[in-house]
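# Inside the fold
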Amino acid sequence: MLKLRERMRNWRFYDSPRTDADAPSRRPRVGTYTPVLASDGGDLAAALQTIREIGDAEGLSRAIEDAFPGSTVSVENKNGLFELEMSQHGLLRPLKAAELSDGTLRYLLLVAALLSPRPPALMILNEPEASLHPDLLAPLARLIEQAAKQSQIVVVTHAPALVAELASAPAARLIRLEKQFGETIVEVDARPNWVWPSR
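Scope of this entry: the structure provided in the associated data block. (Residues numbered from 1 in each chain as written. Predicted model: local features only at pLDDT ≥ 70, side-chain atom pairs only at ≥ 80, totals over all residues. Heavy atoms only, no water.)

## Digging into the overall build of the chain
A count of helical and extended segments in the chain gives 6 helices and 9 strands. For the chain, the proportion of its 199 residues judged to be buried stands at 39%. Carbon and sulfur atoms provide 54% of the accessible area of the chain, an area that totals close to 12200 Å². Here the chain carries 23 positive and 25 negative side-chain charges, and the mean point of each set is 7 Å from the other. (Helix = DSSP H or I, 4+ residues; strand = E, 2+ residues; numbered from the N terminus. Buried < 20%, exposed > 50% of the residue type's maximum accessible area, 1.4 Å probe, protein only. Areas by Shrake-Rupley, 256 points an atom, 1.4 Å probe, with all protein chains shown as cover. Lys, Arg positive; Asp, Glu negative; His and termini not counted. Charge placed at Lys NZ, Arg CZ, Asp CG, Glu CD.)

Now the structure itself:
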């Protein structure tokens, strides 16, 4: 039981981290070593800086460039408080996290979760497409596909474009659920082969 508990404690669930004006990820926070993004995303700047220092810094730069060509993300350290900044082509100054659109901030939260230097055995992303511009779905799918080489990733989505992008990945498995007369039905050919032990 202890082994099972420890294994399950390693699993990560990201269910719509906040991106509203008062979201924790929009405020400066004390910077600490952060190999795992918190579920509220409040340590986003520290998580991105940790990726840059001990994780896949090149992968982080690629993920930003793939979604926002010509843009860079940096972390400003003011007396131990970390604050995210994003420089974009055509803007005269970097934007602080408080100024980013909800979709841009959500994408950066997903980048921090998926590029964790300490990947989990299982990660579940619930409706990661929420607030994202449609042009960000393909870069997100590529990022998920890359992260799936280190972790099992389950994506729950209602976005056909994201489903199409993810379904093209060789290791992806698509399971469609439909609501019929108030009952959720799993497509017959997509049902996992459950083997229940006898008592």
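## A look at the sheet that holds strand S1 (residues 12-15)
Pairing is parallel in the open sheet, where 3 strands are placed in the order S1-S6-S7. This sheet does not close on itself; its edge strands, each paired only once, are S1 and strand S7 (152-156). On average, each strand axis in the sheet is inclined to that of its neighbour by 10 degrees, with strand direction left out of account. As paired strands, S1 and strand S6 (residues 122-126) are joined by 4 bridges and run parallel to one another. Bridge assignment links Phe13 to a residue of S6, and that residue is Ile124. (Pairing = 2+ DSSP bridges. Axes fitted to C-alpha atoms, helices over the stretch in contact; angles between N-to-C directions.)

## Here's the deal with the side chain of Ser116
Looking at the secondary structure, you find Ser116 in the loop between helix H4 (102-114) and S6. Here Ser116 falls in the buried class, since its relative accessible area comes to 8%. At a separation of 3.5 Å, a polar atom in the side chain of Ser116 contacts the side chain of Arg12. In this structure, Ser116 is in contact with Arg12, Pro35 and Val36, ignoring residues within four places of it in sequence. (Polar contact = N/O pair within 3.5 Å; in protein donor to acceptor, adjacent residues only side chain to side chain. Contact = heavy atoms within 4.5 Å.)

## Notes on the environment of Leu137
One can find Leu137 in helix H5 (residues 137-147). Residue Leu137 is classed as buried on the basis of its relative accessible area, which comes to 8%. With sequence-adjacent residues up to four places away left out, Leu137 is seen in contact with Glu129, Leu132, Ala159, Ala161 and Leu162.

## Digging into the packing of helix H2 (residues 44-54) against H4
Orientation of H2 relative to H4, taken along the N-to-C sense of each, is 45 degrees, at an axis distance of 9 Å. In terms of orientation, H2 lies oblique with respect to H4. Handedness of the H2/H4 crossing: left-handed. The residues of H4 that touch H2, namely those facing Leu44, Ala47, Leu48 and Ile51, are Leu105, Leu108, Leu109, Val111 and Ala112. Looking at the contact of H2 with H4 residue by residue, the class counts come to 9 nonpolar, no polar and no charged. (Parallel < 35°, antiparallel > 145°, perpendicular 65-115°, else oblique. Left-handed = near helix turned anticlockwise from the far one by under 90°. Nonpolar A, V, L, I, M, F, W, Y, C, P; charged D, E, K, R; others polar.)

## Points about the nonpolar core
Core analysis: the biggest nonpolar cluster contains 45 residues, and Leu44, Leu48, Leu84, Tyr107 and Leu114 have the highest contact counts within it. Of all the secondary structure elements, the ones that give two or more residues to this core are H2, helix H3 (57-67), strand S3 (72-78), strand S4 (81-87), H4, S6, H5 and helix H6 (160-167). With 9 residues, H4 is the single largest residue contributor to this core. (Core = buried A, V, L, I, M, F, W, Y, C linked by side-chain atoms within 4.5 Å.)

## Some points on unusual backbone geometry
Of note in this structure, Asn79 is not a glycine but carries a positive phi near 55 degrees. Structurally, the position occupied by Asn79 is in the loop between S3 and S4. By relative accessible area, Asn79 is classed as exposed at 82%.

## So, the side chain of Glu129
Mapped onto the elements of the fold, Glu129 is located in the loop between S6 and H5. Buried charged residue Glu129 carries no salt bridge. Nearest counter-charge: Arg106, at 8.6 Å. Only 2.8 Å separates the side chain of Glu129 from the side chain of Thr157, close enough to count as a polar contact. In contact with Glu129, not counting residues within four places along its chain, are Leu137, Val156, Thr157, His158, Ala159 and Leu162. (Salt bridge = Lys/Arg side-chain N within 4 Å of Asp/Glu carboxyl O.)

## Considerations on the environment of Ala21
Mapping Ala21 onto the fold places it in the loop between S1 and strand S2 (29-30). Through-space distance from the C-alpha of Ala21 to that of Ser101 is 9.6 Å; in sequence the pair is 80 residues apart.

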